[in-house]
Amino acid sequence: MNYWLIFLVGLVMSLTITPIFRWLAYRFGIVDKPDNKRKLHARSVAYLGGLALFVVFLIEMFLFVELTSNILMMIGGLILVVLIGLVDDIYKLKPWQKFLGHLFVGFLLVIGGIGIQSFPLPDGGYIGLNQWLVEFSIGGILIKFALLSGVFTLLWTVFLINSVNFLDGLDGLAGGISLIAFLIIFSLSLSKYVNQSDIAVISVIMVAALLGFLPYNLPSASIFLGDAGSMMLGYLLAVLSILSGGKVATLVLVLGVVILDTFLVVISRIRSGKKIWSADRLHMHHRLLDRGIKHWQILFGYYAVSLVLGLSAVLVPSSIFKLVIWFIFIIIFFIFSYLLMATKKVTK
C-alpha cells in the first residue's frame, strides 16, 4: 500500500477544497458570529470546515479503501454524525436533540457489529465483554449483540464525539490533537500486533485532510470545524480505536488531556447546578487564556502533552508501564488544574 500517495492526494485535495467551503460558508451566511463573551474571535468566521474534511474523506475512501461491511457501517454512521453537526451549525439544535442523535449513531454501530469486545489487563490478560447476548428482530432482520459490549461501545462513542466537540474552543486545538491521535492509530495499525492496513489507510487519509485544513484553522482562523467537523473527528477516533485491535485504552492515553478536562468540566457544571452542556469558560484552554497565556503557547502545550502520551502508547511495550504513565499524568493534571483555578484571572 502506497501510503505516501494516499497522503499527498488527500493533502492536495484538502488544501484546495477547504477555501471553496470557506467561500460557500460566507456566501450563504453559515458563519460563527462573535458574542464578546465566551467566543474568542472578533469577526464572523466561516463554518463548513468539517464539511471540507468530510468530502476529502469520502473521496479518498472510495479511491483507496476496500468497502467491507464494517467500513460501510462506519461511513453510514459518519454521514449521520456530519448531518447532525451541519444542521446544528446552521439551525442550532437543542443539546438533547444532538445527544439523542449521537445515541442513535452509537446504537447503529452496536447492531452493525462494531463493538468493544474486551478490556486489556496490566498482566497481559483481558476482561471479555461478550456476556449476556441480546437478540431481537427489526423488520424481519435478526439483530444480536453482547449487552456489555454494546453499552461500553455506546458510551465510548457518545463520550468521544462530545469530548472533541467540547475541545473545539480554540483555533487549531481540536484539529491538531486529533491529527496526533490519527498518527498514533496509524502507527499502531502497522505494528505486527495489529497489522490492519485498512485502518492505517483511513488514519493517513485523516492526517492528510487535517494537515491541509489546519493552515486555514490555526490562529487567526478563517474557517472553523463547526460541530459537523468536531463531531466527525470524535466519531472517527472512537470507531477506529475499536476497529484497530481494540485500542480504546491506547486512545484514552493519547487523549488524556481532552478526557480529563471533559470530566472536570462536567463535574464543575454539576456542582454549580448548571446543565452539563452549558456553554462557559471552564475548559482548561479557556482558563489558561484568562490567566494571560498566549494562544500559541496553549496550542504548543496541548500538542506536546498529547504527542508525548501518544509516543508512550506506541513505544512502551508493557501495559503496566502504560498504566503507571497514565496514573502519573492524572496526578499531574489534577495538581496543575488546582493550581490554575487558584490563580487569579488577568484583568484586561
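Below: a short report on this structure. The shown structure was predicted, so the numbers you read here are calculated from the model rather than taken from an experiment. Numbers given for residues are sequential positions, taken from 1 along each chain in its written order. Confidence filtering applies because this is a predicted model: local features only for residues at pLDDT of at least 70, side-chain atom pairs given and counted only at 80 or more, and all residues used for totals across whole chains, interfaces and linings. Calculated side-chain values reflect all of the structure's heavy atoms, with hydrogen atoms and water omitted.

### Some points on the pairing of strand β5 (residues 133–138)
Cut-off, in case you're wondering: Two strands pair if DSSP finds at least two bridges between them. Each helix is a run of H or I in the DSSP string that is no shorter than four residues. Each strand is a run of E no shorter than two, and both are numbered from the N terminus.
Where β5 lies against strand β6 (residues 141–146), six bridges are found, and the strand directions are antiparallel. Looking at β6, one finds that serine 137 is bridged to leucine 142. What sits between β5 and β6 in their antiparallel hairpin is a turn of two residues, with glycine 139 showing a positive phi close to 60°.

### Description of the packing of aromatic side chains
Going by this rule: The pairing test for Phe, Tyr and Trp rings, Trp by its six-membered ring, is centres within 6.5 Å, and the orientation test on the planes gives stacked under 30 degrees, edge-to-face over 60, and tilted for anything in between. Summary of the burial criterion: residues with accessible area below 20% of their type's maximum are buried, those above 50% are exposed, and those between are partly exposed, where the area comes from a 1.4 Å probe applied to protein chains only. The criterion is that NZ of a Lys, or CZ of an Arg, lies within 6 Å of the ring centre and within 35 degrees of the ring normal, and then a charge sits over that ring.
The full count for this structure, using the stated rule, is seven aromatic pairs. Between phenylalanine 329 and phenylalanine 333, the ring centres sit 6.0 Å apart and the planes meet at 45°, which makes this aromatic pair tilted. Taken together, the positions of phenylalanine 329 and phenylalanine 333, both in helix α13 (residues 319–342) and four residues apart, correspond to about one turn of that helix. Taken as a pair, phenylalanine 329 and phenylalanine 333 share a single burial class, namely buried. The ring centre of phenylalanine 28 lies 5.3 Å from the NZ or CZ of arginine 27, which sits over that ring. If you follow arginine 269 out to its NZ or CZ, it ends over the ring of phenylalanine 166, 5.6 Å from the centre.

### Observations concerning the nonpolar core
Defined as follows: Residue types Ala, Val, Leu, Ile, Met, Phe, Trp, Tyr and Cys, when buried and joined through side-chain atoms within 4.5 Å, form a set referred to as a nonpolar core. Residue contacts are defined here by distance: any two heavy atoms, one from each residue, within 4.5 Å place the two residues in contact.
Within the largest apolar cluster, 105 residues are counted, with the highest numbers of intra-cluster contacts made by Phe57, Met74 and Tyr235. By residue number, the principal contributor to this core is helix α7 (residues 197–217), which donates 14 residues. For methionine 74, the residues in contact, after removing those within four places along its chain, are Phe57, Met61, Ile114, Ile202, Tyr235, Leu236, Val239 and Leu240.

### What about the packing of helix α2 (residues 49–64) against helix α8 (residues 226–243)?
Counted only if it meets this: Between N-to-C directions, angles span 0 to 180 degrees; the directions come from axes that are lines fitted to C-alpha atoms, helices contributing only their stretch in contact. Working rule for angles: under 35 degrees goes down as roughly parallel, over 145 as roughly antiparallel, 65 to 115 as roughly perpendicular, anything else as oblique. All residues other than Ala, Val, Leu, Ile, Met, Phe, Trp, Tyr, Cys, Pro, Asp, Glu, Lys and Arg, Gly among them, are scored as polar; the first ten of these are nonpolar and the last four charged.
Viewed as axis vectors pointing N to C, α2 and α8 meet at an angle of 45°, and their least axial separation amounts to 7 Å. Put simply, α2 runs oblique to α8. Residues Gly50, Leu53, Phe54 and Phe57 of α2 touch α8, and the partners they reach there are Ala228, Gly229, Met232, Leu233 and Leu236. Here the contact of α2 with α8 is composed, by residue class, of seven nonpolar, two polar and no charged.

### Points about the pattern of salt bridges
Using the following cut-off: Basic side-chain nitrogens of Lys or Arg form a salt bridge, by our definition, when they fall within 4 Å of a carboxyl oxygen of Asp or Glu.
Per the stated rule, a full pass over the model turns up two salt bridges. With a shortest N-O distance of 3.2 Å, lysine 98 and aspartate 88 are connected by a salt bridge. Of this pair, lysine 98 sits in helix α4 (residues 95–111) while aspartate 88 is found in helix α3 (residues 69–91), placing the two residues 10 residues apart along the sequence. This pair shows no difference in class: lysine 98 is buried, exactly as aspartate 88 is. Aspartate 227 is the salt-bridge partner of lysine 98, the closest N and O atoms lying 3.4 Å from each other. Separated by 129 residues along the polypeptide, lysine 98 in helix α4 and aspartate 227 in helix α8 bring together distant segments of the chain. One network of salt bridges, in which partners are shared, links Asp88, Lys98 and Asp227.

### Let's talk about the side chain of threonine 262
Mapping threonine 262 onto the fold places it in helix α10 (residues 256–271). When near neighbours in sequence (up to four residues on either side) are disregarded, threonine 262 contacts Phe159, Ser163 and Phe166.

### Here we look at unusual backbone geometry
Looking along the chain, the bond that leaves proline 219 and enters serine 220 is cis, with omega of -15°. Inspection of the secondary structure puts serine 220 in the loop between α7 and α8. In this model, leucine 48 sits at a positive phi of 75°, which is unusual for a non-glycine residue. With respect to the element layout, leucine 48 can be found in the loop between β2 (45–46) and α2. Assessed through its relative accessible area of 7%, leucine 48 is described here as buried.

Such coordinate-based values are descriptive only and should not be taken to indicate function.
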